[in-house]
Amino acid sequence: MTLSAAPETTTFDLGSAQALSCRECGHRIALAAEFACPRCFGPLEVAYDFPNVTRAAIEAGPKSIWRYKDLLPVPSTVHDHPNTEPGLTRLIEADNLAKALGVRKLWVKDDTGNPTHSFKDRVVAVALAAARELGFSVLCCPSTGNLANAVAAAAARAGWDSVVLIPSSLEQPKIVTTAVYGGTLLAVDGNYDDVNRLATELAAEHEDWAFVNVNVRPYYAEGSKTLGYEVAEQLGWRLPEQIVVPIASGSQLTKVDKGFTEFGELGLVEPTPYTMFGAQATGCSPVATAFEAGHDVIQPQKPDTIARSLAIGNPADGPYVLDSVRRTGGHVGQVTDEEVVEGIRLLARTEGVFAETAGGVTVATAKKLIDEGKIDPDAETVLLITGDGLKTLDAVSGQVGPTATVPSTSAAVRDALAHLG
């Protein structure tokens, strides 16, 4: 199929965003609240006409993702509206973890420092800005937890109502840290894929409900590019050689890849080669399974893992993850729940970063791929840590605790220390 003509100009102020383009057939439509191509039903993504953007202009911008607003589908006045102002989180030089894993140079992108302690604040902030411009008034989502937190908080900050759908089996801390913001929280009997199907139905029934990862998904997904942008900027305006990204829907990995590519095309960094690696838990590893089998089609799986934030059995962007990883010469690995817990503990005791289970998946997968010779130990590597361990305490609560319980005397402390060797 050939590219269609450019769509008619809209009156929406979404910055340099010009249209929505099908990732399969290339057909373009005008900017709107659409997520599927009207010709082939392929997924839509934002197409841009970027202005001239310089390093100096970015560095002079807000200390949030809005420093990249000219590269996102948001109004030029986005920072004038109340929002959670996510982004510009730490990039940690992880020498202790590097030594433990046997690699030369390692960085940890610690996104636990976002307002609701996960990278989801980035994508929700972009989705909210676009939804406001598109005329919505209620912010909604189906979620495995982190997105629920981010949507409820962003809506509260913006003065919007929110409707959040979660699996009823979700971790209690994530339920509490969503409900506290006062929006409507509906626990649904079923797994995430059941919840997602319900959200799609509700999006069709409620014209003023913006489901961030459904009817405004093309805009929402662009927020993940800012992780790639920040890594490149924080490395001194250059790309890493390798990066390990956890996979849920798969959007994050593909958008980090897109962010690196855009920075290179815009001349903001030297477009040096880089390798993308994906990480999944064995209890929900449809992308890793397809990669290892050499398949292009993702076979859905029923999730059964402690890494619930990654427990999407039918990932929408799975095929595009395979494309990114294979194009860059990477790999998609998977690790057991036991390895996930050890990954959490290894990161905490070496770098003082307490990650949720998704972070444990990233660290454990990196370790496994290093041990298997798939990650080059001499190449500079970045690990994305996308959520805070306080959200998934159950994963480690049975394995860590007081070293000893002692009476309140110095003699007792000396005795306890002596027994510890």
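A brief look at the structure comes next.

Observations concerning a nonpolar patch on the surface
In step 1: The grouping of Val 406, Val 413, Leu 417 and Leu 420 at the surface amounts to a nonpolar patch, some 340 Å² of accessible area in total.
In step 2: Within the element layout of this structure, Val 406 appears in the loop between helix H14 (394–397) and helix H15 (410–419).

Details of the pattern of salt bridges
Close approach of charged atoms allows side chains of opposite charge to pair.
In step 1: In this structure the tally under the stated criterion is 29 salt bridges.
In step 2: A salt bridge links Lys 225 to Glu 222; its shortest N-O distance comes to 3.0 Å. The same class applies to Lys 225 and to Glu 222, which are both buried.
In step 3: Linking Lys 255 and Glu 222 is a salt bridge whose minimum nitrogen-to-oxygen distance equals 2.8 Å. Remark: Glu 222 occurs in helix H7 (residues 217–222) and Lys 255 occurs in helix H9 (residues 251–265); sequence separation between them is 33 residues. Note on accessibility: Lys 255 and Glu 222 belong to one class, buried.

Focus: the sheet that holds strand S3 (residues 44–48)
Backbone hydrogen bonds are what pair the strands of a sheet, in a parallel or an antiparallel way.
In step 1: The antiparallel open sheet is built from three strands, whose spatial order is S2-S1-S3. Each edge of the open sheet is held by one strand with a lone partner, namely strand S2 (28–29) and S3.
In step 2: As paired strands, strand S1 (residues 17–22) and S3 are joined by five bridges and run antiparallel to one another. For Ser 21, the partnering residue across the bridge sits in S3 and is Glu 45.

Some details on the pairing of strand S5 (residues 106–110)
When a strand is regular, its side chains alternate between the sheet's two faces.
In step 1: Taking burial as the measure, the five residues of S5 include five buried ones, the bulk of the element.
In step 2: A two-sided burial pattern is seen for S5, the buried positions comprising Leu 106, Val 108 and Asp 110 on one face and Trp 107 and Lys 109 on the other.
In step 3: Here strand S4 (residues 90–93) pairs with S5 via four bridges, running antiparallel. If you follow Leu 91 over to S5, its bridge partner there is Lys 109.
In step 4: Two strands pair when backbone bridges link them, and S5 and strand S13 (residues 381–385) are joined in this way by five bridges, in the parallel orientation. Residue pairing for S13: Trp 107 is matched across the bridge by Val 382.

Side note on the pairing of strand S7 (residues 161–167)
In step 1: Burial analysis of S7 places six of its seven residues in the buried class, which makes it a mostly covered element.
In step 2: Two elements, strand S6 (residues 138–142) and S7, share five bridges in a ladder whose sense is parallel. Each residue of the ladder has a partner; that of Cys 140, found in S7, is Val 163.
In step 3: Read from S6 through helix H4 (residues 146–158) to S7, the crossover connection turns out right-handed.
In step 4: One crossover worth recording links S7 to the parallel strand S8 (residues 184–188) by way of helix H5 (residues 172–179), and it is right-handed.

Scoring rules and cut-offs
Residue numbers run consecutively from 1 along every chain, following the written order of its sequence. Per-residue local features are limited, in this predicted model, to residues with pLDDT of at least 70; the limit for side-chain atom pairs, both in listing and counting, is 80 or more; totals at the level of whole chains, interfaces and linings are taken over all residues. Excluding hydrogens and water, the side-chain figures rest on all heavy atoms present in the structure. Nonpolar side chains (Val, Leu, Ile, Met, Phe, Trp, Tyr) are joined into patches within 5 Å and like charges within 9 Å, using only residues with over 30% relative accessible area and no salt bridge. Only the protein chains shown count as cover for residues, with accessible areas throughout obtained via the Shrake-Rupley method and a probe of 1.4 Å. Any Lys or Arg side-chain nitrogen located within 4 Å of an Asp or Glu carboxyl oxygen qualifies as a salt bridge. A run of H or I in DSSP becomes a helix once it reaches four residues, and a run of E becomes a strand once it reaches two; helices and strands are each numbered from the N terminus. Throughout this description, buried means an accessible area under 20% of the type-specific maximum (1.4 Å probe, protein chains only), exposed means over 50%, and partly exposed covers the range between. Two strands qualify as a pair provided that DSSP identifies no fewer than 2 bridges between them. Note on handedness: a crossover is taken as right-handed if, strands pointing away from the viewer, the path from the first strand over the helix to the second is clockwise.

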